[in-house]
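# Observations on chain architecture
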Amino acid sequence: MIEVSHLKKTYSNGLEVLKDVNAVIGKGEVISIIGPSGTGKSTFLRCLNLLETPSGGSIVVNGEDLLSPKTDISAVRCKMGMVFQSFNLFNHLSIMENLCIGPMKLLGKSRESAQARAMELLSMVGLAEKANAMPSQLSGGQKQRVAIARCLSMDPEIILFDEPTSALDPTMVSEVLGVIRTLAKQGMTMVIVTHEMRFARDVSTRIFYMDQGVVYEEGTPEQIFENPQKERTRIFINRIRDYNYQIHSANYDLYQLQGGITQFCNKYFLPQPVQFNIQLLTEEALQIVPLGKGTTDLALRYSEKTGLIALELLMPAGIASVLHNPTTPPDGLSMSIIEGLCSKIEETAENLPEGERLRLRFEIKQIS
Amino acid sequence: MKFLAKALFPLLLIFLAACGPKQDADTPVYREIADLYGKKVAATTGSSQESQLATRHPQIEILRFDTDADLLNALLAGKCDAMAVDQHIFKYFSQITEGAVELEEPLFSVGIGFCFGKGDNVELREQFNAFLRQIKADGTYDQIVDRWINNAHTSKMPDIPLPEDGEPIRMATNSTAPPLVFMKDGELVGFDIEIAKRFAASIGRRVVLSDMNFTALIPSLVSRTQDIAFCGINITEERKKSIDFSDPYFNCNSIVAVRMENSEGYTADGANVQQESLASRIATSFRRNILEEKRYLLIVDGLKITFIISLLSCLLGTLLGALVCWMRMSRNKLLCGFSNFYISIMRGMPVLVLLMIMFYVVFAGTSLNSVTVAVITFGMNFAAYVCEMFRSAIESVDKGQTEAGVALGFTPFKTFIYIVLPQAFKQVLPVFKGETISLVKTTSIVGFIAVQDLTKVGDIIRSRTFDAFFPLVMVAVLYFIVSWLFAAALDYIGKKAS
């Protein structure tokens, strides 16, 4: 139904938001787009109905190329509803008129049939009694439900949702999500940019994880939420927070590093014993690795979702192994302390742009 | 009721102010012009009295007014100590009011002439001089003098048949200079008018008369918008530099007049002790200013002109404003730059100056009438303000509204019409109303280009009755009503639209 290939968007200030987006959306699918802020999720969605003009690539909707000058974009938009973060109800019109203006002016419906359909839709979103109210008299959740009904009044083939619950009080989120769930059950094709992870997981047929201006990983909700394949997806899904430090020589500033770790732990409310274990592990782990042959990248990762804490050391290129180095085996005392602290220790070789580097990963035992 | 209260309050204030000048126990007596050194003497702007006073008696402080009637009003109201004026005009005044007395010492004596554009119309001027010699020879001239200089109040204009068509002589004058030129029964009459008409009749040409401010007469010749100007214009060397004069048609003495109580031999227990009641004063004033000579017809005409100019300039300005606004908001740099330039020029110039430029420079050679020029000028000025109002109203409509409209399938143009415009309209209406009312009041300057609007009519009546109070208050109330009508109409439109 929608085919997007090599979509690019660069803003006039030179900011490249979308680098190369490729996606296919079929009829009846419910796609949730998730990802960190500022990675182009909304921009991508707004490109789909040309609220933003792409700088390159192509968008084909039902066989029609949107970027061809021959395409009547307004006609395409009639079939493609959009729900905004800030509702954008027409402030000068009553709820009923908000729902009727499109069908009457654009679809040529009579006032009677437009109003009859509007009442149906308002009942569906539970707001029939507000038909004659003005938008300013409604709560945020009610406004968003009216906005959804307004979209439906045009009988669209697909609806785009741009963070539909981000501007709502937490108490009103569920009433809006409820309406979207109902639509999903009815088989409406939808693309939803959202931060509501559980909702995305429940309602979607597929998830797009967007990061760094591309669809970084896509898959079924199970694939993305249970078993993300890629590093950044994992970090996002497991809500992993990290602390990074670079070590350039054996005479690194240990106190600065320890201070940084303390600050990081305090920020995420890690208890004192855990903090102590982290500091100890860091100190011992740095004992067993060779320092001074290049830059060692230290990363401390904490998943807010699972509670897992891991220390990762990315060694300079040229070191093949630390744990199984036959010439200089790791210090026995340090090793036994580390083994006591960790539930899992592994080393893997990683292919990075600058060459192959060894990654050591220590997962700290969870204190129950 | 509220409306009445609003209207009555300013009336009351003016009544209190109009109760007349206070009488000093120690009243000075002025016998000759030298007694007035260090005092204030009123003269009309651009008149020879003004320049003669300044050169011969530099010790006198000169107050400048627009019409001779204003001089008398100012003198009687105690705003100045004396006035310098033509003797024949003062004679005319004295026939109506007794408040002022002329000093025996004359200021100066000078001939007055008809004025022609410099260098051109030599033939017309020769014809006029010949005509003047002829009427002086055959006795007509003496009849005219007798009719207007000696008996202006009772005289009627004789019937002078003039051709209805053919190329006209364009004549400019100022109707506030009795007995030379003044308004009677809704018609221009007087010494100068009769001479002008007889002259036109003698050469068999049609006459188009324009009534404009005294200060505008000579510029109108310079800009070639008029052929002849007359209004007791003194022949001076300075004026000869920019225009040509006919032979003098009357010898004009200028005198200085003071209030009666400042004159020699005045005793306080004169006729002015008896006080009329307030009610009868208002009744007299009403009769003199409105009923006599059917002056209400004049007022209705002035009201019509003010209303028409206001309405048309408001419509023109709104349309033009919308156009400029569109240019201002367009992405085309040229259009945007032009509209910016237009707005800053219009806002940075007094409307009066713009009006004069339009009349005497831009449309000088065209046959556009002055009402049209006024409408164009006010429309252009109004547009600059309206444009910025429109723009800020449109920009105040949230961008999300446009996005929602476009996303629903409206074209950008339809989105603007159905979604943005109704919301902007609501925003702009209160400011627009204020600006419209201000426009109505601004139109009061059209008198400068010879349009007889409400203000001008008030001036004309004042020049006849020498009553400042009633014509001014009446004009004020009428302006108030017109403004109120405009505001009410806009309110109605606003209600209808929502």
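The following paragraphs examine the structure supplied in this document. Being a predicted model, the structure only gives us computed values, none of them experimental.

Conventions and cut-offs
Residues numbered from 1 in each chain as written. Chains lettered and ligands numbered in written order. Predicted model: local features only at pLDDT ≥ 70, side-chain atom pairs only at ≥ 80, totals over all residues. Heavy atoms only, no water. Buried < 20%, exposed > 50% of the residue type's maximum accessible area, 1.4 Å probe, protein only. Helix = DSSP H or I, 4+ residues; strand = E, 2+ residues; numbered from the N terminus. Contact = heavy atoms within 4.5 Å. Pairing = 2+ DSSP bridges. Axes fitted to C-alpha atoms, helices over the stretch in contact; angles between N-to-C directions. Salt bridge = Lys/Arg side-chain N within 4 Å of Asp/Glu carboxyl O. Buried area = accessible area lost by both parts, 1.4 Å probe. Nonpolar A, V, L, I, M, F, W, Y, C, P; charged D, E, K, R; others polar.

Where helix α2 (residues 48–56) of chain B is concerned, the buried positions are S48(B), Q49(B), E50(B) and L53(B). In the core, the buried residues of α2(B) are packed alongside β1 (40–44), β2 (61–65), β3 (82–86), β5 (108–112), α9 (237–240) and β14 (250–259) of chain B.

Further remarks concern the sheet that holds strand β6 (residues 80–83) of chain A. Residue and element names in this part refer to chain A. Spatial strand order, β6-β7-β8-β3-β9-β10: six strands in an open sheet with mixed pairing. The outermost strands of the open sheet, each flanked by one partner alone, are β6 and β10 (214–219). Adjacent strand axes in the sheet meet at a mean angle of 20°, parallel and antiparallel pairs treated alike. Inspection of the sheet shows strand β9 (residues 206–211) paired to β10 by five bridges, in the antiparallel sense. For M210, the partnering residue across the bridge sits in β10 and is V215.

Residues and elements named next belong to chain A. Among the six residues that make up β9, six are buried, leaving the element largely enclosed by the rest of the structure. Note that strand β3 (residues 30–34) and β9 share four bridges and pair parallel. Directly across from I33, in β9, lies its bridge partner F208.

The next point concerns the pattern of salt bridges. Per the stated rule, a full pass over the model turns up 39 salt bridges over all chains. In this structure, R232(A) and D211(A) form a salt bridge, with 3.0 Å as the shortest nitrogen-oxygen distance. Taken together, the residues R232(A) in helix α9 (residues 231–237) and D211(A) in strand β9 connect sequence positions 21 residues apart. One salt bridge connects D459(B) with R462(B), and the closest N-O pair in it is separated by 2.6 Å. With D459(B) and R462(B) both in helix α17 (residues 454–465) and three residues apart, this pair spans about one turn of that helix. A residue is classified by how much of its surface remains accessible, and D459(B), at 22% relative accessible area, is partly exposed. Looking at R462(B), the relative accessible area reads 9%, which means it is buried. A single network of salt bridges, built from pairs that share partners, joins E231(A), R234(A), D242(A), R301(A), E312(A), E350(A), R359(A), R361(A) and E363(A).

To continue, consider the interface of chain B and chain A. Taken together, the 16 residues of chain B in the interface contact 20 residues of chain A. Three residues, E403(B), A407(B) and L408(B), lead the burial of chain B against chain A; their summed loss comes to 33% of the area buried on that side. On the surface where chain B and chain A come into contact, there are one salt bridge. Note that E403(B) and R46(A) form a salt bridge whose closest N and O atoms lie 2.6 Å from each other. When residues of the side of chain B that touches chain A are traced back to their parent elements, those giving at least two are α15 (399–408) and α16 (412–442) of chain B. When residues in the side of chain B that touches chain A are grouped by element, the largest group, eight residues, is from α15(B). A class-by-class count of the residues in the side of chain B that touches chain A yields eight nonpolar, six polar and two charged.

Another aspect to go through is the pairing of strand β4 (residues 56–61) of chain A. Residue and element names in this part refer to chain A. Pairing analysis gives five bridges linking strand β1 (residues 2–10) to β4, with the strands arranged antiparallel. Its bridge partner being in β4, S5 is matched across the sheet by S58. Of the strand pairs in this sheet, β4 and strand β5 (residues 64–65) are connected by two bridges, and their pairing is antiparallel. Directly across from V60, in β5, lies its bridge partner D65. Hairpin geometry of β4 and β5 is characterised by an intervening segment of two residues between the two adjacent antiparallel strands and by a positive phi of about 45° at N62.

So, about the sheet that holds strand β12 (residues 296–303) of chain A. Residues and elements named next belong to chain A. Taken together, five strands build an open sheet; the order of strands is β11-β12-β13-β15-β14 and the sheet is antiparallel. Each of the sheet's edge strands pairs with one partner strand only, and the pair in question is β11 (240–247) and β14 (342–352). Neighbour-to-neighbour, the strand axes of this sheet turn through a mean angle of 20°, independent of strand direction. Here five bridges tie strand β13 (residues 309–314) to strand β15 (residues 355–364), and the two strands are oriented antiparallel to one another. Pairing of E312 across the sheet is with R361, part of β15. Relative to β14, helix α12 (residues 332–341) is tilted by about 105°, and along the sheet it contacts β14 and β15.

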